[in-house]
Amino acid sequence: MQIYVDADACPVVRIVENIAEEYKIAVTLLCDTNHVLTSDYSEVKIIGAGADAVDFALIGMCKKGDIVVSQDYGVAAMALGKGAYAIHQSGKWYTNENIDRMLMERHMAKKARRSKGKHHLKGPSRRTDEDDKRFAESFEKLVRKALGVSGDEPSPWNP
């Protein structure tokens, strides 16, 4: 098993690395040439600039049983299609049961913004320590599930 992180502006990289190191799981951070990442634990892959270049590289690398960390619903959908697990930086698990709804909601929101002449959203609210704690708990449960470690109840952020 391998963990892949869509690491461009990802606020949970260090949390992922800490948990992965505890379970001795390799991590690959993918970013484009506009971001500079360093890590003492993870392999860092810098992918050429271009729309969705990092996303397609990540999906090209991941395989069944891997874990993908991304806030991009499209990346999550492709990862699920390959039999990988996927989690949002909020801690919400992407699943085959919820991904279609999430993609449809994203599509409808984009249509609504376009109809009002708005193309950009207000950025996310500032990340809190509680957000990090919620992600860490959910991510560790997902890691344990992917490893087949029993005894955990489903994530509270998983539908």
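For the structure itself, consult the block above.
All of the points below concern the structure found in this document. For every chain, the first residue of the written sequence is number 1, and numbering continues from 1 onward in sequence order. The model is predicted, so local features are restricted to residues of pLDDT at least 70 and side-chain atom pairs to those at 80 or more, both for listing and for counting; the totals for chains, interfaces and linings are taken over all residues. To obtain the side-chain values, all non-hydrogen atoms of the structure were included, while hydrogens and water were left out.

1. A short note on helix α2 (residues 53-61)
The test is simple: Each residue is placed in one exposure class: buried if its accessible area under a 1.4 Å probe, protein chains only, is under 20% of its type's maximum, exposed if it is over 50%, and partly exposed if it falls in between. A run of H or I in DSSP becomes a helix once it reaches four residues, and a run of E becomes a strand once it reaches two; helices and strands are each numbered from the N terminus. Throughout, the arc means the angular range of directions from the helix axis out to the C-beta atoms. The contact rule is simple, with two residues in contact once any of their heavy atoms fall within 4.5 Å.
Residues V54, D55, L58 and I59 constitute the buried set of α2. What you see down the axis of α2 is that its buried residues fit within an arc of 130°, all on one side. Seen from the open side of α2, the exposed residues pointing more than 90 degrees away from its buried face are F56 and G60. For α2, the secondary structure elements touched by its buried residues are β1 (2-6), β2 (26-32), β3 (43-47), β4 (67-69) and α3 (73-81).

2. Some words on unusual backbone geometry
For A9, which is not a glycine, the phi torsion comes out positive at approximately 60°. On the secondary structure map, A9 appears in the loop between β1 and α1 (13-23). You can call A9 exposed: its relative accessible area is 61%. Although it is not a glycine, K24 adopts a positive phi angle of roughly 60°. Relative to the helices and strands, K24 resides in the loop between α1 and β2. Among the residues examined, K24 registers a relative accessible area of 73% and is labelled exposed.

3. A look at helix α5 (residues 129-147)
Selection criterion: By this rule, a helix spans an expected 1.5 Å times one less than how many residues it contains.
End to end, α5 covers 27 Å across 19 residues, agreeing with the expected 27 Å (1.5 Å per residue, within 8%). Of the positions making up α5, those classed as buried are F135, S138, F139, L142 and V143. Burial along α5 is one-sided: seen end-on, the buried residues are contained in an arc of 145°. Where α5 is buried, its residues meet β1, α1, β4, β5 (85-87) and β6 (93-94).

4. As for the environment of G81
On the secondary structure map, G81 appears in helix α3. A relative accessible area of 68% means that G81 is categorised as exposed. Linking G81 and K64, residues 17 residues apart in sequence, is a C-alpha distance of 8.9 Å.

5. Some details on the sheet that holds β5
What counts here: The pairing criterion for strands is at least two bridges between them, as found by DSSP.
Ordered in space as β3-β2-β1-β4-β5-β6, the 6 strands form an open sheet in which the pairing is mixed. A single partner strand is all that each edge strand has here, and the edge strands are β3 and β6. Across 2 bridges, the pairing between β5 and β6 is antiparallel. Its bridge partner lying in β6, A86 is registered against Y94.

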